[in-house]
Amino acid sequence: YGYSTATAEITYSPDAVAAQWTAYIKSTNLDTTTVPGSDMKYSEAPDIQKAMADGYSAIWAAKTETDATKALEDSKAALLKAVKDYVKFLLDTVYNNGSSTVLGDTAYTLSKSAYDTASSEIAAATTEAEVLTAYNTALSKQTSKEHPRMTKTDAVAATCTATGNS
């Protein structure tokens, strides 16, 4: 009577943890929230996109549930850091060392106090939503001033005198 014994090797598959990572990414709304002043979603920013992809790589590389869970937690922390770094970069750009940023005919200025408040709120944030809220609050505190528009007649009147351009 011939018989064989088959040994089954149970290998761990991190499908469930990868699904948790997908759910976590969705919960941040980074894929649906547009970066103010652009057409780009936060999830399309290169460093944020990389943090999301790296999270999947780390989770899929896990050989045990413990490793996968640790990879998930590390990935969440890395994503939050990427969001903080990117939004701080945006805030620094908007602040422009206190100088106004001119877009079209309008000069936008962010006060030092609004900048400092947003910076510390971004640093202290424990969720992506808190980071985005701090930035949006700072943007709402921007002041804007339109540059006066001068007609050609006004310009000529301002530069020419009855005796000519002397």
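Cut-offs used in this document
- Residues numbered from 1 in each chain as written.
- Predicted model: local features only at pLDDT ≥ 70, side-chain atom pairs only at ≥ 80, totals over all residues.
- Heavy atoms only, no water.
- Helix = DSSP H or I, 4+ residues; strand = E, 2+ residues; numbered from the N terminus.
- Buried < 20%, exposed > 50% of the residue type's maximum accessible area, 1.4 Å probe, protein only.
- Contact = heavy atoms within 4.5 Å.
- Salt bridge = Lys/Arg side-chain N within 4 Å of Asp/Glu carboxyl O.
- Expected span 1.5 Å × (residues − 1).
- Arc of directions from axis to C-beta.
- Phe/Tyr/Trp six-rings, centres within 6.5 Å; stacked < 30°, edge-to-face > 60°.

Draft legend 1. Representation of the side chain of Thr-106. Tracing the backbone through its elements, the reader meets Thr-106 in strand S2 (residues 106-109). A relative accessible area of 14% means that Thr-106 is categorised as buried. Residues contacting Thr-106, with those up to four places away along its chain left out, are Thr-101, Ser-144, Lys-145, Glu-146 and His-147.

Draft legend 2. Spotlight on the pattern of salt bridges. Within this structure, the stated rule accounts for 7 salt bridges. Between Asp-31 and Lys-26 there is a salt bridge, with the nearest N and O atoms lying 3.2 Å from each other. Notably, a salt bridge pairs Lys-88 with Asp-92, separated by 2.7 Å at the nearest N-O pair. Here Asp-92 and Lys-88 lie together in helix H3 (residues 65-95), a separation of 4 residues that amounts to about one turn. Given the relative accessible area of 33%, Asp-92 is considered partly exposed.

Draft legend 3. Broad picture of helix H1 (residues 15-28). Relative to the 20 Å expected for 14 residues at 1.5 Å per residue, H1 spans 20 Å between its end C-alpha atoms, a close match to the ideal helical length. Residues of H1 that are buried: Val-17, Ala-18, Trp-21, Tyr-24, Ile-25 and Thr-28. Seen end-on, H1 carries its buried residues on one side only, within an arc spanning 115 degrees. Summarising the geometry of H1, the exposed residues directed more than 90 degrees from the buried face are Ala-16, Lys-26 and Ser-27. Positive backbone phi, at 60 degrees, marks Asn-29, one or two positions downstream of H1.

Draft legend 4. A look at the packing of aromatic side chains. For the structure shown, the criterion picks out 5 aromatic pairs. Taking 6.4 Å as the distance between ring centres and 75 degrees as the angle between the ring planes, the aromatic pair formed by Trp-21 and Tyr-56 counts as edge-to-face. With a gap of 35 residues between them, Trp-21 in helix H1 and Tyr-56 in helix H2 (residues 46-61) connect regions that are remote in the sequence. Here the aromatic residues Trp-21, Tyr-24 and Tyr-56 are joined through ring pairs into a cluster of three or more.

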